[in-house]
Amino acid sequence: MKIVDAQVVVTSPGRNFVTLTITTDAGITGLGDATLNGRELAVVSYLRDHVAPLLVGLDPHRIEDTWQSLYRGAYWRRGPVTMAAIAAVDVALWDVKAKAAGLPLYQLLGGASRERVRTYGHANGRDVPELLDSVRARLAEGYQAVRVQTGVPGLQAVYGVHSGTAIAPDDGDARQDQRARPVVEDWDTAAYLRHLPTVLEAVRNEFGPALPLLHDAHHRLTPQQAARLGKEIERYDLFWLEDCTPAENQQGLRLVREHTTTPLAIGEVFNSFYDYQTLVDDQLIDYVRSAVTHFGGVTPLRKLFDYAATRQIKSAIHGPEDVSPVGMAAAIHLDLAIHNFGIQEYSGYTDRTHEVFRHAFTFDDGHLHPGDAPGIGVELDEELAAAHPYAPAYLPVNRLQDGTVHDW
Ligand code: CS2
Ligand code: MG
């Protein structure tokens, strides 16, 4: 078999997605997700200008060799743009291989290690009553684990509550405004640290001790602040505290770890094993969070999970709405196959997104299953995709109350 064409499709059925389609001379096509929220077109150019021409003529079965030649052959390694581009190629090639075998991808990854994939959903509220309603809504949808985020008294906009990022099609002027520049949000760490324990107390009082609860601190704390917070909220028995510090300082997690038994999850912005090396080697975290889409694909993420397993660290693949259903499908196949699966983030998609990306994966009773269609089980409706053109949108920027830029 030979690759005869590689094309990049950008579509925005609610938010921007970048998809690589690989066509072979056997008539089999493969899809890969290359969506990098807020920097989408950089990956489009990387793929169109520098990768697609190299793919034509290659044997699509040679996934490892193609991965290594894109990674090592570029000379310039790692980074989110490069790794999202390589991920798209990797997933598209796995899709082709599994279709050629007539099997769902998870069968090529060792087969199912479980019947279904447990997910967690997002509950958000401007205040505690609104959050409790949101938790009830997630439970009514079937979720059996919930991430809880609220506004902080005195702050206008907080991560998870006002996203400021989604493009709402048909919202006219608001959509135009978002093209100009990122929304600015405000932040006050001391107010947050005072508020969060009261939120968890209210949620536990309402929903009892058994519901798995998660919380995302979105890289906003220093190691000392995170250590203090982790210790203080131990009594609420979180499933995890996510991204408590900007973890490119891997050593910082040692301080957090030494002071708390609250489980720690990190890594959605990481794109290489080397970002995790100290965290995994020294068992400073409990869950690795990378998305298939941002980590170079199924091939390297499988290697990370297998390595993490030797330290009893589990998977928790990043699954926000800004990973396309193609990246999500690849994740679900991996989740089903690996032994050290922890949990899968899933927040669903707009109806339009489900129409553009028709998929075999199902969500039922808080659990995902990849389905048994050959390949990753996603088909892209290119005509419909073209009806939803790219619309510039950025993640918010965070500023302290004196105007200093802070981590978002
Ligand atoms: C998040 C994301 O899902 C998560 O845990 O932290 O929503 C993140 O903010 C976005 O993926 C950024 O693009
Ligand atoms: Mg997160």
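See the structure above.
Values in this document were obtained by computation on a predicted structure and should not be read as measured data. (Residues numbered from 1 in each chain as written. Chains lettered and ligands numbered in written order. Predicted model: local features only at pLDDT ≥ 70, side-chain atom pairs only at ≥ 80, totals over all residues. Heavy atoms only, no water.)

Peer 1: Lay out the packing of helix α2 (residues 63-73) against helix α3 (residues 80-101) in plain terms, naming residues and giving numbers.
Peer 2: Contact geometry of α2 with α3 gives a least axis separation of 10 Å together with a crossing angle of 170°. What the angle tells us is that α2 and α3 run roughly antiparallel. Relative to α3, the crossing made by α2 is right-handed. Here Ile63, Thr66, Trp67, Leu70 and Tyr71 of α2 come into contact with α3, specifically with Met83, Ile86, Val89, Asp90, Leu93, Trp94 and Lys97. Looking at the contact of α2 with α3 residue by residue, the classes come out as nine nonpolar, one polar and two charged. (Axes fitted to C-alpha atoms, helices over the stretch in contact; angles between N-to-C directions. Helix = DSSP H or I, 4+ residues; strand = E, 2+ residues; numbered from the N terminus. Parallel < 35°, antiparallel > 145°, perpendicular 65-115°, else oblique. Left-handed = near helix turned anticlockwise from the far one by under 90°. Contact = heavy atoms within 4.5 Å. Nonpolar A, V, L, I, M, F, W, Y, C, P; charged D, E, K, R; others polar.)

Peer 1: How would you sum up the pattern of salt bridges? Please name residues and give values.
Peer 2: Going through the model one piece at a time under the given rule, you end up with 20 salt bridges. For the salt bridge of Asp365 with Arg116, the shortest nitrogen-to-oxygen distance reads 3.1 Å. Taken together, the positions of Asp365 in the loop between β14 (362-364) and β15 (367-369) and Arg116 in the loop between α4 (105-108) and β4 (117-125) put the pair 249 residues apart, joining distant regions of the chain. On the basis of relative accessibility, which here comes to 39%, the residue Asp365 falls in the partly exposed class. Taking relative accessible area as the criterion, Arg116 reaches 38% and is therefore assigned partly exposed. (Salt bridge = Lys/Arg side-chain N within 4 Å of Asp/Glu carboxyl O. Buried < 20%, exposed > 50% of the residue type's maximum accessible area, 1.4 Å probe, protein only.)

Peer 1: Give a detailed account of the sheet that holds strand β18 (residues 405-406), specifying residues and quantitative values.
Peer 2: Ordered by their spatial adjacency, three strands build an open sheet running β6-β17-β18, and the pairing between neighbours is mixed. Pairing within the sheet leaves two strands with one partner each, and these edge strands are β6 (184-187) and β18. Where strand β17 (residues 397-400) and β18 come together, two bridges link them in antiparallel fashion. Residue pairing in the sheet places Asn398 in a bridge with His406 of β18. (Pairing = 2+ DSSP bridges.)

Peer 1: A description of the environment of His406 should follow, citing residues and the corresponding values.
Peer 2: Structurally, the position occupied by His406 is in strand β18. Looking at His406, the relative accessible area reads 18%, which means it is buried. Between the C-alpha atom of His406 and that of Glu185, which follows or precedes it by 221 residues, the distance is 9.7 Å. In this view, His406 contacts Trp187, Thr189, Arg220, Asn398, Arg399 and Leu400; residues no more than four positions away in its chain are not counted.

Peer 1: Any chance you could break down the coordination of the magnesium ion (ligand 2) for me, citing the residues and the numbers?
Peer 2: Ligation of the magnesium ion (ligand 2) by protein atoms is provided by Asp216 (OD), Glu242 (OE) and Glu268 (OE), these donors lying 2.0 to 2.2 Å from the ion. Going along the chain, you hit the donors of the magnesium ion (ligand 2) in the pattern D-x25-E-x25-E. Taken as a pair, Glu242 in strand β8 (residues 240-242) and Glu268 in the loop between β9 (264-266) and α10 (273-281) lie far apart in primary sequence, 26 residues in all. For the residue pair Glu242 and Glu268, the accessibility class agrees, reading buried in each case. (Donors = N, O, S within 2.8 Å, 3.2 Å for Na, K, Ca; no water.)

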